[in-house]
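What follows is the residue order along each chain.
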Amino acid sequence: MAEKKDQYIVAYFADYNTADTVLSYSLMLSLYLRKGIILLRVCDPRYTTETTDEAQQRLLALRQRLPDKVFSTYCALKGKTSEIIELLPKAFNAVAVVGGVDSSDKKSAAHPKHLLRNFAKCKVAYLLAQTPLTNYASISKVAFSLDFKKESKDKLIWASYFPRFFGSQLFVLSYNYTDEFLRNKWHGNVKFMDKMYKNLQVTYQKADLGKPKMFVDVVALQKAHELGIGLLISTTTAERDVMEYFIGVQEQRTIINEHKIPILFLNPREDLYVLCD
């Protein structure tokens, strides 16, 4: 068995229907980042009547599907899902969380609405996927959108991990801002990115999203599909504008997408989390 790792990928089973998806992406992150895996089931009375003893038996069976070379363990907890997810970095030393998305049951914890609510205070990156990962080559191209908002900077560190640890091509997707004020703010983010990536020796390719439209990551997903990109890195909405109060935040339109591109979400934070090499 591999040496125990000091940080972990948490494989969160909101619903066992998504088990293949959660296991496949957790294993991928574990192998490339050289981290152990913790299989987690939350017995939240809002979503299930399952006991922790029952959950542990199912987690044990799921753990046996992982290769011996990956250190793994499992844990079933009873409580409020959002509170447990918020505590993962401290309780489990989590570096990232993987969850599966299933919109077929509106009452399931794997439904997009519940996932976004329960992960709203998550302090580490969380990867949410609709379908299992069947080919690691799909992660050979990774992208994120860079706009004029300060939250764009939150994506830069995690985006750098993929060319550094996964050997991925990194694509930066941006609108062509014509408004001088917005363009200057965007350019400030570009300068910040270029300085950071120069120090990290990270290269990237640019892709133009055309003229600005509402909800940049919705447009970015279409461009990602055209470029054959297998993962989009996104920040959640920090402050809602007037329109978003009426029709919802943009991640409600990206977490489930027609191209089934998984998304690595980051909640905006003052202190960017740095992965230990």
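Residues numbered from 1 in each chain as written. Predicted model: local features only at pLDDT ≥ 70, side-chain atom pairs only at ≥ 80, totals over all residues. Heavy atoms only, no water.

Peer 1: Help me understand the overall build of the protein chain, please; the structure alone is not making it clear to me.
Peer 2: When helices and strands are counted, the protein chain shows nine helices and 10 strands. Relative to the globule expectation of 19 Å for 277 residues, the C-alpha radius of gyration of the protein chain, 18 Å, shows essentially globular dimensions. C-alpha atoms of the protein chain, sized along the principal axes, occupy 60 × 45 × 35 Å. Across the 277 residues of the protein chain, 52% fall into the buried class. (Helix = DSSP H or I, 4+ residues; strand = E, 2+ residues; numbered from the N terminus. Rg over C-alpha atoms; globule rule 2.2 N^0.38 Å. Buried < 20%, exposed > 50% of the residue type's maximum accessible area, 1.4 Å probe, protein only.)

Peer 1: Any chance you could explain the sheet that holds strand β3 (residues 72-78) here in plain terms?
Peer 2: To summarise the sheet geometry, strands pair through backbone hydrogen bonds and adopt either a parallel or an antiparallel arrangement. What the 10 strands build is an open sheet, ordered β3-β2-β1-β4-β5-β10-β9-β6-β7-β8; its pairing is mixed. The open sheet has two free edges, formed respectively by β3 and β8 (205-208), since each of these has just one partner strand. Adjacent strand axes in the sheet meet at a mean angle of 25 degrees when their direction is disregarded. Here five bridges tie strand β1 (residues 8-12) to strand β2 (residues 36-43), and the two strands are oriented parallel to one another. By the bridge assignment for β2, Y8 is matched with G36. Set on the sheet, helix α6 (residues 154-166) makes contact with β4 (94-100), β5 (125-129), β6 (141-145), β7 (169-174), β9 (231-235) and β10 (263-266); between it and β9 the angle comes to about 160 degrees. (Pairing = 2+ DSSP bridges. Axes fitted to C-alpha atoms, helices over the stretch in contact; angles between N-to-C directions. Contact = heavy atoms within 4.5 Å.)

Peer 1: How do you make sense of the pairing of β3 when you look at a structure like this?
Peer 2: A regular strand places its side chains on the two faces of the sheet in alternate fashion. Strand direction decides the pairing type here: β2 and β3, joined by seven bridges, are parallel. In the sheet register, I38 faces β3, and the bridge partner there is T73. Regarding the hand of the β-α-β motif, the stretch spanning β2, helix α2 (residues 52-63) and β3 is right-handed. (Right-handed = clockwise from strand over helix to strand, strands pointing away.)

Peer 1: What is the right way to read the environment of F215 from this model?
Peer 2: With respect to the helices, strands and loops of the structure, F215 is situated in the loop between β8 and α8 (216-227). Once the C-alpha coordinates of F215 and A159 are considered, the two residues, 56 residues apart in sequence, prove to be 20 Å apart.

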